[in-house]
Amino acid sequence: MKKPELLLIDDEPMVGQRLKGGLEKLGCAVEICEDPARALDLIRKKNFDIVITDVMMPEISGMQVLEAARTASTQTRVIIITGFATANLAREAMEKGAYDMIAKPFKPADLRKLVVKAAVEMGYSDIKEY
Amino acid sequence: MPFHIRDKTARMAAPDDKDLLDRPIFSFRLQIILGFFTFFILSVLITISAMITINKIEKRIATVQTWDRFLFNIEQARRWEKNFFLYGTNLKDALESTGAALEILNENINSLDSSDYSWQKEEIIRHLDRYHIELNRLSQLVESNRSQPAFQNEIEANLRQFGAQMVEEAAEMAAREYEMVSRWLHLLQKVPAYFLVFLFFLMIYMTRFLSIRFMKPLKYLVNQTRRIARGDLTPLRPVRKFRDEFTTVEVAINRMLKELENRQKSLIDSHKLRAVGILTAGVAHELNNPLNNIMLTAHTLMEEFTDIDDDEKLDMVKDIIGETDRSRSIVHNLLDFTRESKSVMEPLNLGRLAEETTKLAVNQAKVRGVPIHIQIERHLPDIIGDRHQLKQVFLNLVLNALDAVGSDGKIHVRVESRKPNLVIAQVEDNGSGIPADVLPHIFDPFFTTKPVGKGTGLGLSVSHGIIAKHGGRISVESAPGRTIFTVTLPYYPTARGNEEKPGSSEEPPH
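Given the structure is predicted, the values throughout are model-derived calculations rather than measurements.

### Re the interface of chain A and chain B
Point 1. In this assembly, 21 residues from chain A lie in contact with 23 residues from chain B.
Point 2. Approximately 2100 Å² of surface area, both sides summed, lies buried where chain A meets chain B, with 57% of it carried by carbon and sulfur atoms.
Point 3. If you sort the residues of chain A by the area they bury against chain B, Met14, Arg18 and Met56 of chain A come out on top, with a joint share of 29%.
Point 4. Run the count over chain A and chain B and you get 4 salt bridges.
Point 5. With its nearest N and O atoms 3.0 Å apart, the salt bridge here joins arginine 112 of chain A to glutamate 303 of chain B.

Written out as structure tokens, the structure reads:
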């Protein structure tokens, strides 16, 4: 059974560290990335099913990651996580084709629910919250 | 209540006024009064001496008249005497005239005493006496009707001798007195002319002296107002050794400076609150990161509590504590900036201060996606300053730079020392630059190019005021793509802690 490919980008190392295990338990193949520049490279090389990205990062913003992911594949679901959730940012993200946005601080279960929802929509039926 | 406030400012102004008021009074009023008093005394002296001179002349004229009358009577007597010897008549008349002459002399003996030639007067009196005696002897001789030609001849010779001497001497006296009178008159003619010339020069001197006395403090005040206009609010110091009407103005200016300083302080405070408002967005984001970490870690701990070993649990708890600390320092940093604080001048490392301040704005910069590079010289000498106010200046410059740049913006913060004793801090951005027609006004109060509600137009003017208060300068050069604000502050070699470790150089904080 093919696992949904998931990329998580946040310059805060603890975010990836804490979320990785839970997301893998859902049945995803999870890749963690703290450097958005490296993330852009990864996105260009490989089609991820789901990309979870922070917005405010040094040098490269989550919006650029969103654009890159949507350019690489329109199928990719991009979930934005941000500590600076404003209406403007939400509008911009949605216009650029983000799947959803979740404001920091959030519970891991909330993100997992979103990931499950996205994966199910993409046809990965055996993904579910444990 | 207003009375209370006035009372308070008066008391507050007192220590500064003390130096100004602790001088002896030498007011312009007094100076003008003294000037006119000098004129008056001089005029009185001149008038009195003129009156004395005129009085003296009057007396001399009286003396001359006395001598004239005396001379007239003597000459009359001599004519009668001559008549007697020629025709044997008029001897009585001669005696009478001599008597009259004697009477005149005796009557005026006191006024004649003032004469400088008393010995001559006595000589005349002696000769007159002898003449009178000889005449009496002649008269007795004639009355006795005895013809004694030899005796008469002797009397005649004596009469001629004493008469001639007396007339000559009296005439000389009269002439001398007359000459004296004309000399005095001559003097009296000259004195007013001299006085006028003297008065003229005295007036020129007084005018010059007074105008210089007026102009000097005026010039000083004009220069002081220029200094104040540049934002230096240090009170005026006494420059003259005495107090005058200008002191009132100086005291008033010092009071005004005190007020201005109070106003500026409240302006600084209100502007600080605005800056805090701008920062809050960035701080919210900054704070959400550790909060998120805490949330994720706590949830993970809860979800996997039975699956993980104690070491891992301990690590997670430590992470939670660490992130809580991080949150606390973020809040502390903002509060430290917001805190109402007394103005304390202390030795400061401007580099570290700039670094701390820039970090306050880094989150705001992150929100905008603008990198801030900090470059700080090692071993910067300490400057003396107010930590909170200088922080406000840097924050304002950095926030302005953030406003000025576009999406590909970059901001450089540099702090370095310059010879001979300056520390300069620069905030450079690559925004569109400040138009040349706007550039001269950017430090003016209430000048803003930002849309209504975005800027108060006070930031740079407040910064300018703060830097001026520190004895420094803030300047700007701008071209499209490169705008540099430069803060120049002096340091004093006595400031300790020059070896203190400065912030690391070339470190982009993120």
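### Considerations on helix H3 (residues 91–107) of chain B
Point 1. If you check H3 of chain B, its first and last C-alpha atoms are 24 Å apart, about what 17 residues at 1.5 Å a residue would give, namely 24 Å.
Point 2. Those residues of H3 of chain B that sit buried are Leu91, Ala94, Leu95, Ser97, Thr98, Ala101, Leu102, Ile104 and Leu105 of chain B.

### Thoughts on the pairing of strand S3 (residues 50–54) of chain A
All names here are of chain A.
Point 1. With 5 of its 5 residues buried, S3 lies for the most part within the structure.
Point 2. Across the two faces of S3 the burial is the same, with Ile50, Ile52 and Asp54 and Val51 and Thr53 all buried.
Point 3. Relative to S3, strand S1 (residues 5–9) runs parallel, the two being bridged by 4 bridges. Its bridge partner lying in S3, leucine 6 is registered against isoleucine 50.

### Considering the sheet that holds strand S7 (residues 482–490) of chain B
All names here are of chain B.
Point 1. Strands sit in the order S2-S4-S5-S7-S6 across an open sheet of 5 strands; the sheet is mixed. The open sheet has two edge strands with one neighbour each: strand S2 (372–376) and strand S6 (473–479). Mean inter-strand twist for the sheet, computed between neighbouring axes without regard to direction, equals 15°.
Point 2. As paired strands, S2 and strand S4 (residues 411–418) are joined by 5 bridges and run parallel to one another. Residue isoleucine 372 lies in a different strand from S4, and its bridge partner there is isoleucine 411.
Point 3. Packed onto the sheet, helix H9 (residues 350–368) meets S2, S4, strand S5 (422–429) and S7 and runs at close to 175° relative to S2.

Rules of the game
Residues numbered from 1 in each chain as written. Chains lettered and ligands numbered in written order. Predicted model: local features only at pLDDT ≥ 70, side-chain atom pairs only at ≥ 80, totals over all residues. Heavy atoms only, no water. Contact = heavy atoms within 4.5 Å. Buried area = accessible area lost by both parts, 1.4 Å probe. Salt bridge = Lys/Arg side-chain N within 4 Å of Asp/Glu carboxyl O. Helix = DSSP H or I, 4+ residues; strand = E, 2+ residues; numbered from the N terminus. Expected span 1.5 Å × (residues − 1). Buried < 20%, exposed > 50% of the residue type's maximum accessible area, 1.4 Å probe, protein only. Pairing = 2+ DSSP bridges. Axes fitted to C-alpha atoms, helices over the stretch in contact; angles between N-to-C directions.

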